Amino acid sequence: METKRTGVASSVPAGLAWGAVVNIVITVSLGAIFAKLVDAEKMAWENIGYGIAGLILLASFCGAATAFSKIRRQRLAVCFGSGALYLGILLGTTALFFGGQYEAVGVTAALVFGGCAIAALPKSGGRRPGKGKRVRIAHR
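The rules behind these values
Residues numbered from 1 in each chain as written. Predicted model: local features only at pLDDT ≥ 70, side-chain atom pairs only at ≥ 80, totals over all residues. Heavy atoms only, no water. Phe/Tyr/Trp six-rings, centres within 6.5 Å; stacked < 30°, edge-to-face > 60°. Helix = DSSP H or I, 4+ residues; strand = E, 2+ residues; numbered from the N terminus. Buried < 20%, exposed > 50% of the residue type's maximum accessible area, 1.4 Å probe, protein only. Expected span 1.5 Å × (residues − 1). Contact = heavy atoms within 4.5 Å. 1 Å grid on protein atoms, 1.4 Å probe; cavity = no way out; pocket = protein on both sides within 12 Å on 5 of 7 lines; lining within 4 Å. Points joined across faces, edges and corners; volume = space filled by probe spheres on them. Nonpolar A, V, L, I, M, F, W, Y, C, P; charged D, E, K, R; others polar. Core = buried A, V, L, I, M, F, W, Y, C linked by side-chain atoms within 4.5 Å.

Student: Hey, could you go over the packing of aromatic side chains for me, with residue numbers and the actual values?
Tutor: Using the criterion set out here, one finds one aromatic pair in the structure. Ring geometry for Phe80 versus Phe113: centroids 6.0 Å apart, planes at 35°, classification tilted. Placement of Phe80 in helix 3 (residues 75–98) and of Phe113 in helix 4 (residues 105–120) is noted, with a sequence separation of 33 residues between them. Residue Phe113 is classed as partly exposed on the basis of its relative accessible area of 29%.

Student: Tell me about helix 1 (residues 12–39), and name the residues and values.
Tutor: Between its terminal C-alpha atoms helix 1 stretches 40 Å, which fits the 40 Å expected from 28 residues at 1.5 Å a residue. Buried residues of helix 1: Gly15, Leu16, Gly19, Ala20, Asn23, Ile26 and Phe34, and no others. Looking at the buried positions of helix 1, the neighbouring elements they touch are helix 2 (48–71) and helix 3. One or two residues past the end of helix 1 sits Glu41, with phi positive at roughly 60°.

Student: Describe in detail the layout of surface pockets, supporting the description with residues and values.
Tutor: The calculated volume of the largest pocket comes to roughly 840 Å³. What lines the largest pocket is a set of 26 residues, and nearest its centre among them are Ile52, Ile56, Leu90, Thr94 and Thr108. Looking at the lining of the largest pocket element by element, the count peaks at eight residues for helix 3. Partitioned by chemical class, the residues of the lining of the largest pocket number 18 nonpolar, seven polar and one charged.

Student: Which residues make up the environment of Leu37, and what values do they have?
Tutor: Looking at the element boundaries, Leu37 is found in helix 1. Taking relative accessible area as the criterion, Leu37 reaches 30% and is therefore assigned partly exposed. Beyond its immediate stretch of four places on either side in the chain, Leu37 contacts Lys42 and Met43.

Student: Talk me through the nonpolar core; I want residue IDs and the actual numbers.
Tutor: Counting 11 residues, the largest nonpolar core consists of Ile26, Phe34, Met43, Ile48, Leu55, Ile56, Ala59, Tyr86, Leu87, Ala109 and Val112. Where this core is concerned, the elements lending two or more residues are helix 1, helix 2, helix 3 and helix 4. In terms of residue count, the dominant contributor to this core is helix 2 (four residues). Those residues in contact with Leu55 that sit more than four places away from it in its chain are Thr27, Leu30, Gly31, Phe34 and Tyr86. Grouped together as the second largest cluster of nonpolar side chains are 10 residues, Ala64, Ile71, Val78 and Ala119 included.

Structural data, given as structure tokens:
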């Protein structure tokens, strides 16, 4: 008799797809916010690079964390796979819209994989205070 699997983990391609969707949504949303800030002269054009660096770091972290939360195994491989997919999306977008004029690819790759490395760090395995092991006393 075969037992029915009741796990909630997704396949690797499905998890990476969810991570890519999160990457794109965060990138487009924060990019639009930065564009509005520059248009309203609340942010100087010279400072947009710092915002973009934070955007890429945050998007890669959230995408890798989402991919791992869907897949639930092989944390390091999934997080860096998600980062490679995000970097590929960024490079493909650059080729499509800007004619392949690549600038600061090394910095972008470092930010993407830095965000993925933060997401790949294991959670602390320590117990929370007050949630210690319960001691049972046998009834006599």
